[in-house]
Amino acid sequence: MCAGKPASAHIIRKGRKKSGKNGTGLNFSQSGQQSRSIWHQGDRKAPIMNCSLEDKEMEDLEMNMDTSESHNHFPFHLLPDLCKFRIWSFLKQCDLGRCMLVCIEWHMKIQKPQLWNTIHFNELPYTCLPHDRTGLVHTEGVCHHCFRKRVVSFSHFLSHIHPVVKEFQFCLDISHPTDQFNAVVEQFLSTADLTSLTYADINWKDSPSRAPLTNNQEPIQDYMYRYRRRQRMFSRLFDTFIGLATQLTTLVMPFDWTDYNVKNVCSLTKLENLVLVKYGVHNHTFTQDHINKLTESLVQLKKLLLEVWIPSYNNNNFELFYVESASLILLDVSLCRGFYIKRLNTPNLLQLRIPQRPLPMNMIQRQSPHLPCLFPVLSVGVPKLENINGHQLKVEDILNPPDSLNNLLTMLCCCTRHKSRGIEMYGM
């Protein structure tokens, strides 16, 4: 039997010789057609067919098989590139990285810069790499050593493709000497296209994969040194960042309230949503002038969330502040400490969240009697207010406040009237 040909071919050849001698059986043309049909079906991995099957029946069977496959499946590789890119655009960055391992074609096409428009460094896995799970530096569950390797490798990849970024997020301690995350962020800013960036969440003070140091593990001098060093490094990075991301509309980050950084934030005139959380224990440099600069410069600002901790001096637990803005529709200062609103001039404000006041006896007795009542502040300065700390307001609530609103103000307001009501409510 010859190599490379199916056994059915030899059977047909023997039958052909016998039929030639006896004058009966299939002729050459018929056997050739049947053999071609059998080979054709063999290439399609079909079951072995009887040689007596008619050509018409064979064609009907092939047509049925083809139509069943076409209705159930459509090969991805036959799609035009525009459809492929559209499908890939819905994938997250880790899924795109896995798709690049499928084949050379996908590896080349997925490197298109427009596909990498959402960069989240902290979506990288925190677990150990499969080929690198031994050694003292590795820990179960969350491995900072392997996470750092992934961050550095991802940064090198982005530097080669020059992504066109619309959304950027990272949560990395830029001051740690061994991690070198500051260099990672600098490399990203120097190679990425940020002209279309609209959303940025830049947490430059923490690395979730690294366990934080406690007060017992680090002297206060070392803590203050790292605190100020990180602050200086952030100022340099932020100065570069605002020069590139000129179309930014949403910004979330820890903030130190230095005059230089406040000036940089005010230069982002297209901001609509701004979230500034505290950096350090207390914000000693925060003043009323900083709020005025933000509200005057950011004329398109709609949502503002502040977290500021004001240190207390001379037994005064609150500092008085006012907010004036014609564009704000949401103001959230519920995370602030020592922050008390004395006046509001926000004609379009719809939602307001303010901190809940503590009610221990010693705290109430120390309050200054000159703190203004929140009810006239809200009724005069916020005419369109619809929600305060989750409580829905009606139009008639401003003229005739119900008991639910009075109870809420008792927890929020520190004026003499509501303090005495709080003492009665809580039996003080």
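The structure under discussion appears in the preceding block.
The rules behind the values
Residues numbered from 1 in each chain as written. Predicted model: local features only at pLDDT ≥ 70, side-chain atom pairs only at ≥ 80, totals over all residues. Heavy atoms only, no water. Salt bridge = Lys/Arg side-chain N within 4 Å of Asp/Glu carboxyl O. Helix = DSSP H or I, 4+ residues; strand = E, 2+ residues; numbered from the N terminus. Buried < 20%, exposed > 50% of the residue type's maximum accessible area, 1.4 Å probe, protein only. Axes fitted to C-alpha atoms, helices over the stretch in contact; angles between N-to-C directions. Parallel < 35°, antiparallel > 145°, perpendicular 65-115°, else oblique. Left-handed = near helix turned anticlockwise from the far one by under 90°. Contact = heavy atoms within 4.5 Å. Nonpolar A, V, L, I, M, F, W, Y, C, P; charged D, E, K, R; others polar. Polar contact = N/O pair within 3.5 Å; in protein donor to acceptor, adjacent residues only side chain to side chain. Core = buried A, V, L, I, M, F, W, Y, C linked by side-chain atoms within 4.5 Å. Disulfide = S-S within 2.5 Å.

Asker: Just give me the short version of the pattern of salt bridges, but keep the residues and values in it.
Answerer: The tally for this structure, following the rule as stated, stands at seven salt bridges. With a shortest N-O distance of 2.9 Å, Glu105 and Lys109 are connected by a salt bridge. Here the residue Glu105 and the residue Lys109 both occupy positions in helix H6 (residues 104-109), the gap between them amounting to four residues, near one helical turn. Residue classification places Glu105 among the partly exposed residues on the basis of a relative accessible area of 35%. Between Arg230 and Asp173 there is a salt bridge whose closest N-O contact spans 3.0 Å. Of this pair, Arg230 sits in helix H9 (residues 220-244) while Asp173 sits in the loop between strand S2 (167-171) and helix H8 (181-191); the two residues are 57 residues apart in sequence, bridging distant segments of the chain. Here Arg230 falls in the buried class, since its relative accessible area comes to 8%. Salt bridges linked by common partners bring Asp81, Lys84, Glu105 and Lys109 together as one network.

Asker: Lay out the packing of helix H7 (residues 144-161) against H8 in plain terms, naming residues and giving numbers.
Answerer: Pairs of packed helices are described in terms of their axes, by the angle between the two and the distance that separates them. Across the interface, H7 lies against H8 with an axial gap of 9 Å and an inter-helix angle of 20 degrees. With respect to their mutual orientation, H7 and H8 come out roughly parallel. For the crossing formed where H7 meets H8, the hand is left-handed. Of the residues in H8, those touching H7 at His144, Phe147, Arg148, Val151, Val152, Ser155, His156, Leu158 and Ser159 are Phe181, Val184, Gln187, Phe188 and Thr191. Its residues assigned to classes, the contact of H7 with H8 comprises seven nonpolar, six polar and one charged.

Asker: Account for the side chain of Lys84, with residues named and values stated.
Answerer: Tracing the backbone through its elements, the reader meets Lys84 in helix H4 (residues 81-88). For Lys84, a relative accessible area of 2% translates into the label buried. Separated by 3.3 Å, the side chains of Lys84 and Glu105 make a polar contact. When sequence neighbours within four positions are dropped, the list of residues in contact with Lys84 reads Phe76, His77, Leu79, Glu105 and Lys109.

Asker: Give a description of the nonpolar core that names residues and reports values.
Answerer: One recurring pattern in soluble globular proteins: nonpolar side chains tend to sit buried together. Of all hydrophobic cores here, the largest spans 95 residues; its most connected members are Trp116, Phe121, Phe168, Phe188, Phe241, Leu251 and Leu274. Among the elements that make up this core, the one with the highest residue count is H9 (seven residues). Every residue in contact with Phe168, bar those within four places of it in the chain, is listed here: Ile119, Phe121, Phe188, Leu197, Tyr199, Ala200, Asp201, Ile202 and Phe241.

Asker: Go over the packing of H9 against helix H10 (residues 259-266) with me, naming the residues and quoting the values.
Answerer: Interhelical geometry of H9 versus H10 gives an angle of 20 degrees and a closest axis separation of 10 Å. In terms of orientation, H9 and H10 fall into the roughly parallel class. Here H9 and H10 pass one another in a crossing that is left-handed. Residue-level inspection shows Phe234, Ser235, Phe238, Asp239 and Ile242 of H9 in contact with H10, the latter providing Tyr260, Asn261, Asn264 and Val265.

Asker: Give me the lowdown on unusual backbone geometry, citing residues and values where you can.
Answerer: Positive phi, normally seen in glycine, also occurs at Gln180, with a value near 60 degrees. You can see Gln180 is positioned in the loop between S2 and H8. Phi is positive for Asn389, close to 50 degrees, though the residue is something other than glycine. For Asn389, the location among the structural elements is in the loop between strand S11 (387-388) and strand S12 (391-392).

Asker: Explain the state of the cysteines to me, and be specific about the residues and the numbers.
Answerer: Per the counting criterion, the structure on display carries zero disulfides. In this model Cys99 remains outside any disulfide bridge; the closest cysteine sulfur is found in Cys103, 9.8 Å from its own. A disulfide-free cysteine, Cys143 has its sulfur positioned 3.5 Å from the sulfur of Cys128, the nearest such atom. Relative accessible area serves as the criterion here: at 0%, Cys143 is assigned to the buried category.

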